[in-house]
Structure formats: structure tokens, C-alpha cells
Amino acid sequence: MKLESKSVMFRELIQKLDRQLSHVEATDYYGKNMMNSNEKAKHEGNVKNIFLADDFGNIYKPFNQEICTILVNDEIKHKQKGQQ
């Protein structure tokens, strides 16, 4: 995917989000569906903890719980489709 934006903060945010979502698997350690696993909450927490810092050192966490759940669920759904 080619990004048109020149914003360094935006690119950093997308890279951090991509890195976290790439660690999400379709199944957990025990082979259980990740949608029904306690491990899913860990992945949601990792996405929620993504932060950006501005030039003044202010920290911003751009993802609320609802967005984290939507992104992790979507990642799981597409990885499960890829296994079929």
C-alpha cells in the first residue's frame, strides 16, 4: 500500500498499528478460535496502548476500546478466511 501523506506521525501510527495487528493469529496458543479466546483482549490492549508523541512531549492514544475491538476482530476474521 502506498501512502500519499507526508505526515511522519501518521506514518508512524500506521506502522505501529500494522505491527500490532500482524501479531494477531486466527487461533490462540491452544488452537482455540481467537474470537472466543482470552488472548484476544491482550491484542486489543496492545492496540489501545499505541501512542504518538508531539514535539512538546505530549502523549496521545488515538484508539478507544471500540475501535480496538473492531480492528482486532477484522484482523482475526480475515486471517481465518485465509486459513480456509
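Here the structure is a predicted model, which is why all the values come from computation and not from measurement. (Residues numbered from 1 in each chain as written. Predicted model: local features only at pLDDT ≥ 70, side-chain atom pairs only at ≥ 80, totals over all residues. Heavy atoms only, no water.)

(A) Looking closely at the nonpolar core. In terms of nonpolar packing, the biggest core is built from 12 residues, these being Leu13, Leu17, Leu21, Val24, Met34, Val47, Ile50, Leu52, Phe63, Cys68, Val72 and Ile76. Mapped by element, the contributors of at least two residues to this core are helix H1 (8–22) and helix H3 (65–83). Setting aside residues no more than four positions away along its own chain, Cys68 makes contact with Glu44, Val47, Lys48 and Phe63. (Core = buried A, V, L, I, M, F, W, Y, C linked by side-chain atoms within 4.5 Å. Buried < 20%, exposed > 50% of the residue type's maximum accessible area, 1.4 Å probe, protein only. Helix = DSSP H or I, 4+ residues; strand = E, 2+ residues; numbered from the N terminus. Contact = heavy atoms within 4.5 Å.)

(B) Structural view of the pattern of salt bridges. Enumeration over the complete set of coordinates arrives at five salt bridges. Across the pair Glu44 and Lys40 runs a salt bridge, and its minimum N-O distance is 3.3 Å. With Glu44 and Lys40 both in helix H2 (residues 39–48), this residue pair falls four residues apart, about one helical turn. Considered together, Glu44 and Lys40 belong to a single accessibility category, that of buried residues. (Salt bridge = Lys/Arg side-chain N within 4 Å of Asp/Glu carboxyl O.)

(C) Looking closely at the packing of H2 against H3. Where H2 contacts H3, the two axes come as close as 9 Å, and the packing angle between them is 125°. Comparing the axis directions of H2 and H3 gives the class oblique. Handedness of the crossing formed by H2 with H3: right-handed. Residues Lys40, His43, Glu44, Val47 and Lys48 of H2 touch H3, and the partners they reach there are Gln65, Cys68, Thr69, Leu71, Val72, Asn73 and Ile76. Of the residues in the contact of H2 with H3, the class split is five nonpolar, four polar and three charged. (Axes fitted to C-alpha atoms, helices over the stretch in contact; angles between N-to-C directions. Parallel < 35°, antiparallel > 145°, perpendicular 65-115°, else oblique. Left-handed = near helix turned anticlockwise from the far one by under 90°. Nonpolar A, V, L, I, M, F, W, Y, C, P; charged D, E, K, R; others polar.)

(D) Spotlight on H3. For H3, spanning 19 residues, the distance from its first C-alpha to its last is 27 Å, which sits close to the expected 27 Å at 1.5 Å a residue. Structurally, the start of H3 carries an N-cap: the backbone nitrogen of Glu66 is 3.1 Å from a side-chain oxygen of Asn64. (Expected span 1.5 Å × (residues − 1). Polar contact = N/O pair within 3.5 Å; in protein donor to acceptor, adjacent residues only side chain to side chain.)

(E) Main features of the packing of aromatic side chains. Counting across every chain of the model gives one aromatic pair. Aromatic side chains Tyr29 and Tyr30 sit 5.1 Å apart centroid to centroid with 90° between the ring planes, which places their arrangement in the edge-to-face category. Judged by relative accessible area, which is 73%, Tyr30 ranks as exposed. The ring of Phe51 carries Lys16 above its face, with NZ or CZ at 4.5 Å from the centroid. (Phe/Tyr/Trp six-rings, centres within 6.5 Å; stacked < 30°, edge-to-face > 60°. Lys NZ or Arg CZ within 6 Å of the ring centre and 35° of its normal.)

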